[in-house]
Amino acid sequence: MTQERKPQTIRELLPVASAWLAERGVQEARLDTELLLAHVLELSRMQLYMDHDRPLIQDELERFRALMRRRGERREPVAYLIGERGFCGLDLEVGPGVLIPRPETEHLVEVGCEELGRLAIARGAAIARGARAETLRAADVGTGSGCVALALLDRVDDLRVWATDRSAAALAIARRNAERCEAGERLLLGQADLLAPAAPSSLDLIVSNPPYVLESEDPLLSPEVRDHEPRSALFDADGLPLTQRLVEQAARALRPQGALAIETGFDKAPLVEGFFQRAGFVEVRRVEDLGGIERIVVGRKAG
Ligand SMILES: C[S@@+](CC[C@H](N)C(=O)[O-])C[C@H]1O[C@@H](n2cnc3c(N)ncnc32)[C@H](O)[C@@H]1O
């Protein structure tokens with residue numbers, strides 16, 4: 001009698017393991033399998049293919065299987081299992097307690113950079129007329145992992161960012177990401193309720209990806225999001241009172257001509273645009289993401 005041999009090399013393991021994940025309803029089963037295997041073997045995904053006849057030792061197999069069970073049976077997000085997620089070219093630490101940065105939030109960084117570019121030109125012109133040179137100041141409200149603040153600092157040289165969050169767990173991760181990215185004194189992290197401690201007319205740019213999922217939308221969430229990501233990072237009440245309060249605070253905290261950019265849910269941009277209008281913002285517009293969804297509302301303070 002011949003006994004069936006268990007897969008032992010990368011090449012043998014990948015199809016069997018990813019089929020197992022797919023059977024359990026995991027959407028990107030092959031990608032997740034590759035990420036988990038690469039993590040266990042401390043290789044890149046590319047190296048998995050270059051070294052595909054490499055056999056796994058028992059300890060590696062056991063660690064891989066344990067992660068696969070957590071992914072397939074408990075539906076833990078792959079980013080939490082490997083402890084990392086890429087965002088705007090930065091490799092950031094993530095873990096339970098912090099929202100996993102989403103690709104659509106990269107648009108918030110782009111919009112923030114555009115607004116900073118406009119403000120830098122206006123400031124350059126003012127300096128030419130004799131005004132004092134000043135570093136641009138931004139705030140990232142509800143910073144989570146610090147992804148938006150750190151991406152802005154990575155792209156814009158003469159900038160300081162104040163990043164706030166109510167969650168101490170999120171701020172601990174943001175602090176470690178700040179060290180990873182060598183943000184130094186350009187990033188100030190602080191625990192706060194939205195922008196409550198901000199001085200009036202002190203900021204040039206405010207960006208935020210606040211919680212915007214409604215309780216009624218809970219059934220639409222995947223198990224990865226619903227069962228593992230922090231509810232305080234996801235949910236706001238009907239009518240988005242948190243976003244409304246943020247817009248009102250931002251109207252006070254911004255300097256004249258300063259900009260506010262807020263990410264929101266797929267059908268909520270008109271509601272958020274109304275908050276901007278009522279708070280007196282001008283040149284208010286909605287920005288679509290790559291999927292054609294109005295994802296960001298941006299406006300300027302008159303002045
Ligand atoms: C949707 S997450 C965004 C995290 C990160 N900026 C990103 O884009 O991945 C919202 C964040 O806002 C924080 N938050 C919720 N309510 C807050 C409040 N009242 N004041 C400050 N931060 C708050 C949550 O802790 C969470 O980290």
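Participant: I would appreciate a short explanation of the environment of leucine 260 in the present structure.
Facilitator: By secondary structure assignment, the location of leucine 260 is in strand β7 (residues 254–263). The spatial distance from the C-alpha of leucine 260 to the C-alpha of valine 282 is 10 Å, given a sequence separation of 22 residues. If sequence neighbours within four positions are ignored, leucine 260 has contacts with Ile206, Val247, Ala250, Leu254, Phe281, Val298 and Gly299.

Participant: Quick question: what am I supposed to make of the nonpolar core here?
Facilitator: A general trend in soluble globular proteins is that nonpolar side chains are found buried together. Of all hydrophobic cores here, the largest spans 77 residues; its most connected members are Ala138, Val161, Ile206 and Leu260. Examining the composition of this core, we find that seven residues originate from one element, helix α7 (residues 147–155), more than from any other. Of the residues that make up this core, three or more belong to each of domain 1 (10–74) and domain 2 (103–300). Apart from residues lying up to four places away in sequence, valine 161 is in contact with Ala138, Ala139, Asp140, Ala149, Leu152, Leu153, Arg186 and Leu187.

Participant: Help me out: how do you make sense of helix α8 (residues 168–180) in this one?
Facilitator: Each α-helix turn comprises 3.6 residues. Residues three or four places apart therefore point the same way. Here α8 is 13 residues long and its end C-alpha atoms lie 19 Å apart, about the 18 Å a rise of 1.5 Å per residue gives. Of all the positions in α8, only Ala170, Leu171, Ile173, Ala174, Asn177 and Ala178 are classed as buried. Each buried residue of α8 lies within a common arc of 160° when the element is viewed along its axis, so the set occupies one face. Of the exposed residues in α8, those oriented more than 90 degrees away from the buried face are Ala168 and Glu179.

Participant: Looking at this structure, I do not really get the packing of helix α2 (residues 29–41) against helix α4 (residues 58–72). What am I missing?
Facilitator: For any two helices packed against each other, the geometry is given by the interaxial angle and the distance between the axes. Their axes nearest at 10 Å, the elements α2 and α4 cross at an angle of 145°. As α2 packs across α4, the resulting crossing turns out to be right-handed. Counted together, Asp32, Leu36, Leu37, Val40 and Leu41 of α2 and Glu60, Arg63, Phe64, Leu67, Met68 and Arg71 of α4 form the full contact between these two elements. Split by residue class, the contact of α2 with α4 holds seven nonpolar, no polar and four charged.

Participant: What exactly am I supposed to notice about the domain arrangement of the protein here?
Facilitator: Frequently, the measure chosen for interface size is the accessible area removed from exposure when the parts meet. What the domain assignment lists for the protein is domain 1 (10–74) and domain 2 (103–300). One C-alpha centre belongs to domain 1, the other to domain 2; they are set 36 Å apart.

The rules behind the values
- Going along each chain's sequence as written, the residues are numbered from 1 onward.
- Whole-chain, interface and lining totals are the exception, using all residues; otherwise, since this is a predicted model, local features are given only for residues with pLDDT of at least 70 and side-chain atom pairs are given and counted only at 80 or more.
- Put simply, DSSP marks the helices as runs of H or I at least four residues long and the strands as runs of E at least two long, and each gets a number from the N terminus on.
- The contact criterion used is a C-beta to C-beta distance within 7 Å, with each C-beta placed from the backbone.
- Defined on buried residues, the nonpolar core groups Ala, Val, Leu, Ile, Met, Phe, Trp, Tyr and Cys residues joined through C-beta atoms within 7 Å.
- Field definition: a residue is buried when 20 or more other C-beta atoms are found within 10 Å of its C-beta, exposed when 12 or fewer are, and partly exposed for counts in between, with C-beta atoms placed from the backbone.
- Segmentation into domains, and thus their bounds, comes from an automatic or database assignment.
- Expected helix span is given by 1.5 Å per residue-to-residue step, counting one fewer step than there are residues.
- Along the arc lie the directions from the helix axis toward the C-beta atoms.
- Each axis is a line fitted through C-alpha atoms, taken for helices only over the stretch in contact, and angles between the N-to-C directions span 0 to 180 degrees.
- A clockwise turn of the near helix away from the far one marks a right-handed crossing, whereas an anticlockwise turn of less than a right angle marks a left-handed crossing.
- Ten residues, namely Ala, Val, Leu, Ile, Met, Phe, Trp, Tyr, Cys and Pro, are considered nonpolar, four, namely Asp, Glu, Lys and Arg, are considered charged, and the remaining ones, Gly among them, are considered polar.

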